[in-house]
Amino acid sequence: MSQIHVDSSQLTPAALTPPISKSDAQRALVLAHLTGTWPLPVLQEEPEDFLAADVRVLTRGINTLRQPPGTVRDVDCADGGAPFRIFVTQAAVTPGTHVRITGTPRLGERPHGPLFESLREALGPSGLVLKEGNPWPVEIKAPDRTGEPVFRVPGAQSSQYASSLLLGCAALYLRERRPWRVEIIGPLTSAGYLELTVSWLRRFGFTVRDQEGRFEVTDYRAPERTPAMPGDWSSLGYLLLISWRTGGSVERADLDSAHPDQALVRLVERAGLKAVPGTGPNTLRMTGTARDGLVASGTECPDLLPTLAALALVLPRPSTLTDVGVLRLKESDRLEGIRTLVSAFGGTTHLEGETLTIHPPTSHPQRFSMDSRGDHRLAMVAATLSVLSGVPLSLTGPECVEKSFPGFWRQLERTGVRLTS
């Protein structure tokens with residue numbers, strides 16, 4: 001892996017731009033494919049080197065489904081958990097599809113069993129073939145018919161299973177013109193991401209009924225226009241904090257977005273910060289003086305917790321992150337990644353059950369080092385901390401930001417950050 005050195009000693013205000021939201025784009029890609037509005041114009045207009053790798057992965061997968069049936073096709077999902085899970089269901093509900101899916105070792109280690117079992121339960125009696133390798137390849141051969149129109153899946157481990165299946169319900173409704181539903185068993189983690197899926201289904205013209213853990217696609221009417229694509233709130237989290245330090249602003253910050261990571265705007269207020277409108281549409285600035293610690297939950301916004309951990313290290317009081325167990329199942333063990341970052345910066349952590357308390361250092365170190373572990377969020381979080389604190393960073397594995405924010409390092413350079421190898 002390569003290494004990069006981040007020097008934030010000479011900063012200047014700048015207008016920063018995030019990529020379009022990969023969470024939104026992945027849902028919109030599937031729905032555009034299903035409703036005949038493929039390809040999405042906004043994705044064609046976006047420079048390819050500014051599109052998240054996960055979006056490119058799912059685009060290639062959907063293009064595979066759009067090819068004439070009859071041959072076995074190979075699809076590489078790299079390390080994309082969401083693209084993989086979304087694609088698995090679309091492959092399973094597209095008659096004539098026969099694919100072999102591969103990915104990285106880490107993707108193979110992440111839990112997918114509940115999604116596979118739900119698909120087997122619903123479609124297996126109709127002829128679905130879903131074979132798992134060790135861990136690769138995953139082979140899927142879709143059935144030509146279906147049975148009872150319901151998917152049942154546990155909600156405690158990941159909301160991505162339910163989102164994937166609900167997008168599958170949309171596909172099946174269009175093909176069969178009968179309602180299909182997802183029934184969630186037990187509590188649902190990261191419910192905001194399933195709400196995001198429901199929001200996109202409705203924006204594309206689907207009627208979705210939801211009641212007590214049951215989500216049912218019951219109708220479809222084409223909308224007058226293709227929905228617009230917002231900026232990525234996960235990426236906006238880094239940029240908003242950086243803009244607080246530099247006095248700059250961020251673009252594409254749609255406050256009407258349903259993305260769970262928009263919670264950042266609310267959560268930082270406890271610490272004394274506030275997001276205020278900038279000079280242009282969907283432009284924000286971060287203002288205020290840090291006066292307290294943070295409190296945030298992995299149940300609400302798991303992908304935001306590493307970003308908030310970076311902010312916690314420059315706040316005057318301890319911060320508390322709850323429901324952190326879900327972080328162990330991401331592209332890396334992000335819970336240990338956060339603790340490593342805190343230790344590298346001179347702070348301390350206390351983990352009790354599902355609650356992590358972060359104690360910032362009494363004084364900043366002269367410099368710090370961090371290994372991204374191939375995790376895009378850990379890389380960008382470490383760089384964000386360097387900017388917030390002004391402390392030089394040596395980062396191993398900076399290239400992994402391609403997964404969600406390919407232009408991240410260019411945006412940092414716009415603020416005067418110096419990057420050297």
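Quick note: structure is the one above.
All values reported here derive from a predicted model rather than from experimental measurement. (Residues numbered from 1 in each chain as written. Predicted model: local features only at pLDDT ≥ 70, side-chain atom pairs only at ≥ 80, totals over all residues. Heavy atoms only, no water.)

Colleague: Talk me through the overall build of the chain; I want residue IDs and the actual numbers.
Modeller: The secondary structure content of the chain amounts to 14 helices and 20 strands. In terms of overall size, the chain behaves like a compact globule, its C-alpha atoms giving a radius of gyration of 21 Å where 421 residues would be expected to give roughly 22 Å. Expressed as a percentage of contacts within the chain between residues at least 6 apart in sequence, the contacts between residues at least 24 apart total 74%. Total accessible area on the chain is roughly 16300 Å²; 47% of this is exposed by carbon and sulfur atoms. In the chain, 44 side chains carry a positive charge and 45 a negative one; their mean positions are 1 Å apart. (Helix = DSSP H or I, 4+ residues; strand = E, 2+ residues; numbered from the N terminus. Rg over C-alpha atoms; globule rule 2.2 N^0.38 Å. Contact = heavy atoms within 4.5 Å. Areas by Shrake-Rupley, 256 points an atom, 1.4 Å probe, with all protein chains shown as cover. Lys, Arg positive; Asp, Glu negative; His and termini not counted. Charge placed at Lys NZ, Arg CZ, Asp CG, Glu CD.)

Colleague: So what's going on with the packing of aromatic side chains? Which residues, and what values?
Modeller: Overall, the coordinates contain nine aromatic pairs when judged by the stated rule. Ring plane angle 75° and centroid distance 6.0 Å describe the contact between Tyr 238 and Phe 408, whose orientation is recorded as edge-to-face. Taken together, the residues Tyr 238 in helix α9 (residues 233–246) and Phe 408 in helix α14 (residues 408–414) connect sequence positions 170 residues apart. For the pair shown, Tyr 238 and Phe 408 are each scored as buried. Each residue in the set Tyr 238, Phe 405, Phe 408 and Trp 409 is aromatic and connected to the rest through ring pairs, giving one cluster. Geometry around Trp 200 places Arg 203 over its ring, the cationic atom sitting 3.9 Å from the centre. (Phe/Tyr/Trp six-rings, centres within 6.5 Å; stacked < 30°, edge-to-face > 60°. Buried < 20%, exposed > 50% of the residue type's maximum accessible area, 1.4 Å probe, protein only. Lys NZ or Arg CZ within 6 Å of the ring centre and 35° of its normal.)

Colleague: Let's hear about the side chain of Asp 261: which residues, and what values?
Modeller: In this fold, Asp 261 is placed in the loop between β11 (249–250) and α10 (264–267). Buried and unpaired, Asp 261 has Arg 377 as its nearest opposite-charge partner, separated by 5.4 Å. Among residues more than four places away in sequence, those in contact with Asp 261 are Tyr 193, Trp 233, Ser 234, Cys 301, Asp 303 and Leu 304. (Salt bridge = Lys/Arg side-chain N within 4 Å of Asp/Glu carboxyl O.)

Colleague: Could you give an account of the pattern of salt bridges, naming the residues involved and the relevant values?
Modeller: One pass over the full model with this rule turns up 27 salt bridges. A salt bridge links Glu 183 to Arg 152, with the nearest nitrogen and oxygen atoms 3.3 Å apart. Here Glu 183 is found in strand β8 (residues 180–185), whereas its partner Arg 152 is found in strand β7 (residues 150–154), with 31 residues between them in sequence. We classify Glu 183 as buried; its relative accessible area is 15%. Classification of Arg 152 as partly exposed rests on a relative accessible area of 26%. In this structure, Glu 336 engages Arg 328 in a salt bridge whose closest nitrogen and oxygen atoms are separated by 3.7 Å. By relative accessible area, Glu 336 is classed as partly exposed at 28%.

Colleague: How would you summarise the pairing of strand β3 (residues 73–76) if you had to cite specific residues and measurements?
Modeller: When β3 meets strand β4 (residues 98–102), the two strands line up parallel, connected through four bridges. Bridge pairing links Asp 76 to Thr 102 in β4. Between the parallel pair β3 and β4, the chain is carried across by helix α4 (residues 81–92), and the sense of this crossover is right-handed. (Pairing = 2+ DSSP bridges. Right-handed = clockwise from strand over helix to strand, strands pointing away.)

Colleague: Any details on the sheet that holds strand β19 (residues 393–396)? Residues and values, ideally.
Modeller: Read from one edge of the open sheet, four strands run β18-β19-β1-β20, paired in mixed fashion. Either end of the sheet is taken by a strand with one partner, and the two such strands are β18 (368–371) and β20 (418–420). Adjacent strand axes in the sheet meet at a mean angle of 20°, parallel and antiparallel pairs treated alike. Of the strand pairs in this sheet, strand β1 (residues 3–7) and β20 are connected by three bridges, and their pairing is antiparallel. Along β20, the bridge assignment pairs Asp 7 with Arg 418. Packing against the sheet, helix α13 (residues 376–389) makes contact with β1, β18 and β19, and its axis sits at approximately 175° to β19. (Axes fitted to C-alpha atoms, helices over the stretch in contact; angles between N-to-C directions.)

Colleague: Just give me the short version of the environment of Glu 336, but keep the residues and values in it.
Modeller: Its place among the elements puts Glu 336 in helix α12 (residues 334–344). Sequence separation between Glu 336 and Pro 223 is 113 residues, and the spatial gap between their C-alpha atoms is 45 Å.

Colleague: Tell me about the sheet that holds strand β9 (residues 206–211), and name the residues and values.
Modeller: Taken in spatial order, the four strands line up as β7-β8-β10-β9 in an open sheet, and their pairing is mixed. Of all strands in the sheet, those with a lone pairing partner are β7 and β9, marking the two edges. Within this sheet the neighbouring strands show an average axis-to-axis angle of 20°, counted without direction. This element, helix α6 (residues 113–123), spans β7 and β8 of the sheet and lies at about 155° to β7.

Colleague: Can you break down unusual backbone geometry residue by residue, with the values?
Modeller: Following Asn 134, the chain continues into Pro 135 via a peptide bond in cis, with omega recorded as 0°. Here Pro 135 lies in the loop between β5 (129–132) and β6 (138–141). The linkage connecting Trp 136 with the following residue, Pro 137, adopts the cis geometry, with an omega of -5°. As for its placement among the helices and strands, Pro 137 is situated in the loop between β5 and β6. Look at Ala 78: it is not a glycine, yet its phi comes out positive at around 50°. Along the chain, Ala 78 falls in the loop between β3 and α4. Relative accessible area serves as the criterion here: at 26%, Ala 78 is assigned to the partly exposed category. Positive phi, normally seen in glycine, also occurs at Glu 212, with a value near 50°. With a relative accessible area of 78%, Glu 212 lands in the exposed category.

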